[in-house]
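# A closer look at the structure
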Amino acid sequence: MLSPVLEALLILQDRDTKRLGLEAQLKAVPEEIERIRQTIASEQTAIDAARAELHEFESKKKLLETEIGMVESKLAKYRTDQLAVRKNDEYQALGREIEMMQGKIGEMEGGELEIMYSIDAAKKKVAAATATAKANIAGHESRIQALGEREVGLKEELKGAEQQVEAARTAVAAPGLRIYDRLAVRTMPAVVPIRGGKCGGCHLKVSSDADSASRSNKAGAELAVCDQCGRIVYWES
Ligand SMILES: [Zn+2]
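Residues numbered from 1 in each chain as written. Predicted model: local features only at pLDDT ≥ 70, side-chain atom pairs only at ≥ 80, totals over all residues.

## Points about the overall build of the chain
Summing up its helical and strand segments, the chain has four helices and three strands in all. Reading the chain from its N end, one meets helices and strands in the order α-α-α-β-β-α-β. Relative to the compact-globule value of 18 Å for 237 residues, the chain shows a C-alpha radius of gyration of 41 Å, a clear excess of over 25%. C-alpha atoms of the chain, sized along the principal axes, occupy 130 × 40 × 25 Å. Across the 237 residues in the chain, those meeting the buried criterion constitute 13%. Counting only contacts in the chain whose residues sit at least 6 apart along the sequence, the fraction spanning at least 24 positions is 72%. (Helix = DSSP H or I, 4+ residues; strand = E, 2+ residues; numbered from the N terminus. Rg over C-alpha atoms; globule rule 2.2 N^0.38 Å. Buried ≥ 20, exposed ≤ 12 C-beta atoms within 10 Å, placed from the backbone. Contact = placed C-beta atoms within 7 Å.)

## Focus on the packing of helix α1 (residues 4-84) against helix α3 (residues 174-184)
Look at α1 against α3: their axes get within 11 Å of each other, and the N-to-C directions meet at 35 degrees. Remark: the crossing between α1 and α3 carries right-handed chirality. Along the contact surface, α1 presents Val5, Leu9, Leu12 and Asp16, while α3 presents Gly176, Tyr180 and Ala184. Residue classes in the contact of α1 with α3 are distributed as five nonpolar, one polar and one charged. (Axes fitted to C-alpha atoms, helices over the stretch in contact; angles between N-to-C directions. Left-handed = near helix turned anticlockwise from the far one by under 90°. Nonpolar A, V, L, I, M, F, W, Y, C, P; charged D, E, K, R; others polar.)

## A short note on the pairing of strand β1 (residues 191-195)
In this sheet, strand β3 (residues 232-235) lies alongside β1 in parallel orientation, the contact comprising four bridges. Across the sheet, Val192 pairs through a bridge with Val233, a residue of β3. Sheet analysis places β1 next to strand β2 (residues 198-199), joined by two bridges and oriented antiparallel. Bridge pairing in β2 places Ile194 opposite Cys199. Where β1 folds back on β2, the antiparallel hairpin that results is connected by two residues, among which Gly196 adopts a positive phi of roughly 60 degrees. (Pairing = 2+ DSSP bridges.)

## Quick word on unusual backbone geometry
The omega torsion across Met188 and Pro189 is 0 degrees, close enough to zero to call that bond cis. Tracing the sequence through the fold places Pro189 in the loop between α3 and β1. With phi around 65 degrees, His203 is a residue other than glycine that occupies positive phi space. Assignment of secondary structure puts His203 in the loop between β2 and α4 (208-215). For His203, a count of 13 C-beta atoms within 10 Å corresponds to the partly exposed category.

Right, here's the structure in full:
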């Protein structure tokens, strides 16, 4: 049988552990919400990047069309000029110019076709990124809402757990509480059983003094502590 102080300490430790668990869960909620918001932002970034790429190709296409138009009107002018010249060498010189320009137009039209393929691909990318964001948005939003509700519930639960801890603390005498508190801030559990002569916290062998002290279940007896880690140890019968 455990001494009354150990029994009270174990109840306190149990309730403290529950409180700590709730605090950890509560702390994780805003982090999880932030993670979801980042996912939403990255989906939006993907849409923006795909749109920017599409605009870039579209303005490239426009620019190329203007250039083609300019060369075409020059070509038309040379053709008219050619009809007016009387000298054969001038006629041939214009003929070479015309040929060169036709080649240039053909080249530019090839480039335009490539850009049109790129525009098609970019449009598909925009559509895919938009579809992804659209498909996920409902899930993201409901998850954030659920987390908000969970936060409220956890806060309520934590309030109850804190009250339970306070109640358990009043049942532990001041000296025991002091040792427990000092341990609890750096290591939990602070109160551990001895099993096979070893401390249940650090798993090292306890001294025979600590071992025999831990067997005492008298009220008012001093608490036994592990020689290695300082945890409060008790004998599990
Ligand atoms: Zn120990």
